[in-house]
Amino acid sequence: MGKEEETGNMALMDRPANGFVSTTRPDGKTTEVKTNSGKTTEEKTNCVKPKRLTKLKNLLDDKMFVDVLHKKCIEEVTCTPERCMGSQYAHMTKRPPGVPRPKEELIVHAKDFIDQYYQSIKKLNAPAHLERMEEVLSSIESTGTYDLTASELTFGVKTGWRNAPRCIGRIHWSKLQMFDARHVTTAKEMFDALCKQIIYATNNGKVRSSITIFPQRTDPREDYRFWNTHVIQYAGYRQPDGSVIGDPMNCEFTEVCIEMGWKAKGGMFDILPIVISARGHDPEMFEVPAELLLEVPLKHPKYPWFSELGYKWSSVPILTSFLFDCGGIEFTACPFNGWFMEAEIARDLCDPNRYNITETVAQMMGVDTQSPLSLWKDQAFLEVNIAVLHSYQDAGIYITDHHSVSDSFIKHLENEQRLRGGCPADWVWVVPPIGGSLTQVFHQEMIRYNLKPSYEYQVAPWKMGVDKDRGKSNRRNLHFKTVVKAVRFGIKLMNTVLTRRVKCLVLYATETGTSERFARTTCDIFKHAFRAKVMCMDEYDVTQLENEALVLIVSSTFGSGESPEQGMIFSKHLTTLRNEYERLRSGNDGPLGNVRFSVFALGSTAYLRCNFCAFGRFLDNVLHDLGAGRIIPVGEGDQLYGQEESFRNWAQDVFKTACDAFGLTETIDMAAAVGALVKADVIWSASTFRTTALEEKEMDVWTGLSKLHSKSIVPCKLVERIQLQSAESSRQTILVKLDNEGAVELLYQPGDHVGIYPTNSPDLVDAILARLDDAPPPTQVIQVELLQETIMPSGSIKTWKKTGKMPRCSLRTALRHYLDITTPPSQSFLKLLATQASRDDDREVLEQLSTVSQLYEDWKHEKTPNLLDVLDEFPSVKVPPSLIMTQLPFLQQRLYSISSSPLITPDQIHATIAVVEYGAPGRNSCTREGVCSGWLNSCQIGEIVPCTVRTESGFRMPDDMTLPIFAVSAGAGIAPFRSFWQQRKINKEMLLAKSADGKSWGEMNLFFGCRNPAEDFLFESELRQMKAESILTGGYIAFSRMQGKRKVYVQDILLQMSAAVYTGIVNRGGHLYVCGGTEMASDVNDALEKILQKEGGMSLDAAKKYIQDLQNDNRYHRDIFGAKVQRYLKTDVKLEKALKPKSSQKTATDPVNPAATNPGKTPETNSVKTPERYPVIRTEEYAVLTPQKYPVITPQRYPVKTPEANHSGQGSWGNPEEKPEETKRKNKKTSSRCSII
């Protein structure tokens, strides 16, 4: 909130200098600083030695900082080495009013602004920046101007407020709401846009800062101008005796309005009409609707007579006279509002050239007004300030006091010094008109300069030779019917225009592609009534979120309730924004108060219930916390059952509700829009899509994947594959070692995931190729083209154009590396197949499957069909290649916990992978393998494996290495803990001198579950070695399939050791890590609750609360896998089980994120837990790692049982790191397996 005369929280100054800036000191002296040479010159009475840098000091605390930001000025100020012009009220540009900016100057400003914008989004010198710069310069060269994008304009208006040297309330610059009205062409449209801003800004007293931007200046004779200085501007009537009734500052403009036909009322607080001229046309007058006016009658908390004086003031200061200068483009109409500081209103009322009520108030107070010694002016002015504060607070209108805003400006000054190296500030204007040296800003040295973008003063339109009589227009008489027809046509046209102008943003974040498909369907539906667009979260400039009208989010959940990779930056920004808002929370709405939203969350009930759709729920909550308006509650779709139907229900509800909220229901065909739910995905047709041959070479697979997924995907070489389970085991777990050749894109830390893009089975690909209709040769490089219609003046022209994201490749390459051919096809894909069936029975069944959700879910869960299965089941379907290339989802990465330390194997990434196997009915009921684990288990050594790294900041070893670690895992869930113990080993070796006694190292205890030691005791010899070297403090192994012994799980051991676990986690601040399947993670969580109850005396609710606090403090880390697509074993399974798959039902499954299979428990143990679920076990019933050395390792790769089994029933076997002999295992496994997919 700045100093007056311009009432409002925005006050501005003159332009900055390449040569000179002025520094105003608290003692009133002014120093001129020459910035380009480093020399300084003071006024004659204040000569100082030359300075290279300008040091600014706070005289209260002696804080000193150097301003370097002023070096970024690109225009001169009016000050010179001999004189300071800083105290002048208005500083005009050197160009006379109405003279356009020269092209050379425009280019300088444009380059500077475009650089600022791309630097703000951290894309300086990126291809997008360079392309945009070239586009701008080309436009200036050809047309003499250019247009700012909406994002650039939003950044510009906020930065302009941030740069305003005369504004004391700039700390809220980033919360400024911009309304883009550059499309308007008439004064009426300008007035309507202004009314919308008034409604938004007033907000029932919870004032919000905002600005509306109207079309830019092209020809100064066709400017868009508001003739008022404020939206609520009180008239001033000159009287014959020279006195004024009303506001003397507005006498001239009042006379202008009267000459234009306004009916004067003659009161003290008559609101003047809004006078607007558009495109240089005749000015038009508009009365602000009474329902939009919110004025505050003034009263005093101590003096009842004050209210009888009849004083009042407006609630929101909307300034309309500034020119916005951004990137060389000038916007002559840009109404801006902040909120009032109480001293601004008090000045308007008390200044001698304004209402001048000081003497009246002093006399009513009984103060002697004859002698200045009574300080009657100061007393009266103080009481008017008190009255203003009291009146606004009592009316519920947001206002700030001069002390609070002074403190906030000092905070802003410190922030800007840290972020930008300085802050332009005009001491003369920033120091409030009351309080003086009692405020912090009085004692702060400041430097005055003017950066771009900026807000500048303009000459009033009626002072530039505009004919005021132009406002009087001749009217011709119109027949009533003609008027009615015109009104009806105008209403219909306006409704159509408004419908098109309502923006709708659809954002998605996906791991498998389903969210993207749903998001695009949502966008197609909303295009019936909104200006809708769809974007991936990681491609969206999240700083623009507060400028959206309607935001719809479709997002999946990754792992144990985390964000998909595409949503990480988006979620972090929202979290930061919420934390900042809660810290600075005031009476205002949140920063997203103008946004309306809804979320559709995708998840899987195979995970813990608390993690189901967790990321979507998080987005829903945080958007609501930031003030956004929730249209309908969050929608949720379960991957295991009815997801498509849930989405359709949500999409239909949110569309209807959004149309109601924006008043669009009567302007659209609701039936057609809702019908798009069925048709939205069905965009393909044989007549509009085709494939054409290219005489080009295919790009490398990893290059194509990088282009397809918009991320850097690096080729790695498979250098070794080790079978970790014994030959006798019916299951397989492999350790793969990938050579990354030191690629910086694959730098990782223990706890991170490696993303591997798999390759489909060549047998499956060949079988599908054989079924395609009219296909080119499998190795022919092709592209997909779409027949598009272009409207020309002479008529429409249809042309074939390339479409889709698919890189140039052959059909074989697309099916092998880019397309998902193993996941059961979606209902929308089946609907397309139905259009290609030549037999009625095939078509009818496909249509039923594509429209009846219950039938589709039954079919999908019972048969788990891949693409070839579907083509076999419906043999009359003829599949064109263009359908496959455009409608199948892309093959997604599979994420695996990294099992190595970068300090030990800097050029390699190790991954521990459980080979997923499942049975499928039909086609000889063969056993199949997971698409990625099966490929890695069978491909040749030396195979190129496309990889990326996913950072998991929530699964890191503690920074404080003295804290205890409790690592709990089962099966391949041990994967990340191998990287932990390797990292601890190398850390100990590197820091040996510091930690020679070992006391400074925190304990590392491992709890590991497997079936029996003769089959799947993964990394046994390595674990024993770590125990021998004291890397592991303790190792506790639970066996669940020991013949003749009870089943023991990791949670049983935790309960047995409850005292040690409680002490380590609660008393010593330790970290608990859990990695494995959902059931194991749930059981461990239950065990932790029991430990807290038993050892800490907590209630169940208190234990749950403590566990939540552990997660919030990042001391309870979980890496959980377990989302399942229901699979069927070779044995018969009842259909009823497929209809409602439960996460508690344990089958051989293929996880969507197959970091490992869940060794879990047998089905009979998956009941609801009771106290008997965890019987007391004896120490001898589980194994404790010892550093004992086993017999000499035999050449055989797999375990050799010895008679000397320990009391836990463990056998000993060879070193699992020995080179494997895989031929026997492969022959054994593949003999009963059909094509690997």
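Treat the numbers as computed from the prediction; the structure is a model and nothing was measured. (Residues numbered from 1 in each chain as written. Predicted model: local features only at pLDDT ≥ 70, side-chain atom pairs only at ≥ 80, totals over all residues. Heavy atoms only, no water.)

Would you take a moment to explain the sheet that holds strand 8 (residues 225-226) for this structure?
Each strand in a sheet pairs with another by means of backbone hydrogen bonds, the pair being arranged parallel or else antiparallel. Taken together, the three strands give an open sheet; going across it, the order is 8-11-12, and neighbouring strands pair in antiparallel fashion. The strands lining the two open edges of the sheet, one partner per strand, are strand 8 and strand 12 (284-286). The strands touched by helix 4 (residues 187-202) are strand 8, strand 11 (274-277) and strand 12; relative to strand 11, the strand with the most contacts, the crossing angle is about 135°. (Pairing = 2+ DSSP bridges. Helix = DSSP H or I, 4+ residues; strand = E, 2+ residues; numbered from the N terminus. Contact = heavy atoms within 4.5 Å. Axes fitted to C-alpha atoms, helices over the stretch in contact; angles between N-to-C directions.)

Which parts of the structure should I look at to understand the pairing of strand 41 (residues 1034-1039)?
Working note: regular strand, side chains alternate between the two faces of the sheet. Extensive coverage of strand 41 is indicated by the burial of six of its six residues. Alternating residues of strand 41 divide into Gly1034, Tyr1036 and Ala1038 and Gly1035, Ile1037 and Phe1039, and every residue in both groups is buried. Both strand 40 (residues 1004-1010) and strand 41 contribute to a ladder of six bridges, which runs parallel. By the bridge assignment for strand 41, Cys1010 is matched with Phe1039. (Buried < 20%, exposed > 50% of the residue type's maximum accessible area, 1.4 Å probe, protein only.)

How do you make sense of the sheet that holds strand 28 (residues 714-723) when you look at a structure like this?
The antiparallel open sheet is built from six strands, whose spatial order is 34-30-38-28-29-35. At either margin of the open sheet sits one strand with a lone partner, and together these are strand 34 (894-897) and strand 35 (908-914). Pairs of neighbouring strands in the sheet enclose a mean axial angle of 40°, with direction left out of account. Where strand 28 and strand 29 (residues 733-739) come together, six bridges link them in antiparallel fashion. Within the sheet, the bridge partner assigned to Leu718 lies in strand 29 and is Leu738. Helix 25 (residues 931-938) rests against strand 28, strand 29, strand 30 (753-756), strand 34, strand 35 and strand 38 (944-950) of the sheet, and its axis sits at about 70° to strand 28.

Looking at this model, I keep getting lost on the pattern of salt bridges. Mind explaining?
For side chains bearing opposite charge, pairing can occur when the charged atoms are close. Applying the stated criterion across every chain, the model contains 49 salt bridges. Ionic pairing is found between Glu565 and Lys711, a salt bridge with its closest N-O pair at 2.9 Å. Separated by 146 residues along the polypeptide, Glu565 in the loop between strand 23 (550-555) and helix 13 (568-583) and Lys711 in the loop between helix 17 (701-709) and strand 28 bring together distant segments of the chain. Shared partners join several salt bridges into a network, and the residues in it are Arg101, Glu105, Asp325, Lys452 and Glu456. (Salt bridge = Lys/Arg side-chain N within 4 Å of Asp/Glu carboxyl O.)

In this structure, what is going on with the packing of helix 7 (residues 358-365) against helix 8 (residues 376-395)? I would like to understand it.
Packed helices, taken two at a time, are described by the angle between their axes plus the distance between the axes. One way to put it is that helix 7 packs onto helix 8 with a least axis distance of 9 Å and a crossing angle of 95°. Our classification of the angle between helix 7 and helix 8 gives roughly perpendicular. Together, Thr358, Glu359, Val361, Ala362 and Met365 of helix 7 and Trp376, Lys377, Gln379, Ala380, Glu383 and Val384 of helix 8 make up the contact between the two elements. (Parallel < 35°, antiparallel > 145°, perpendicular 65-115°, else oblique.)

What is the right way to look at the packing of aromatic side chains in this model?
How two aromatic rings sit relative to each other is given by the distance of their centres and the angle of their planes. For the coordinates displayed, the defined rule picks out 39 aromatic pairs. Ring centres 5.2 Å apart and planes at 75° place the aromatic pair Trp161 and Phe336 in the edge-to-face group. With a gap of 175 residues between them, Trp161 in helix 3 (residues 150-163) and Phe336 in strand 18 (residues 336-337) connect regions that are remote in the sequence. The class of Phe336 is buried, set by a relative accessible area of 1%. Members of the aromatic cluster, joined through ring pairs, are Trp161, Phe324, Phe331, Phe336 and Tyr455. When the ring centre of Tyr200 is taken as reference, the NZ or CZ atom of Arg208 above it lies at 3.8 Å. The positively charged end of Arg1118 is found above the aromatic ring belonging to Tyr1116, 5.4 Å away from the centroid. (Phe/Tyr/Trp six-rings, centres within 6.5 Å; stacked < 30°, edge-to-face > 60°. Lys NZ or Arg CZ within 6 Å of the ring centre and 35° of its normal.)

Remember, this is a structural readout, not a statement about activity or role.
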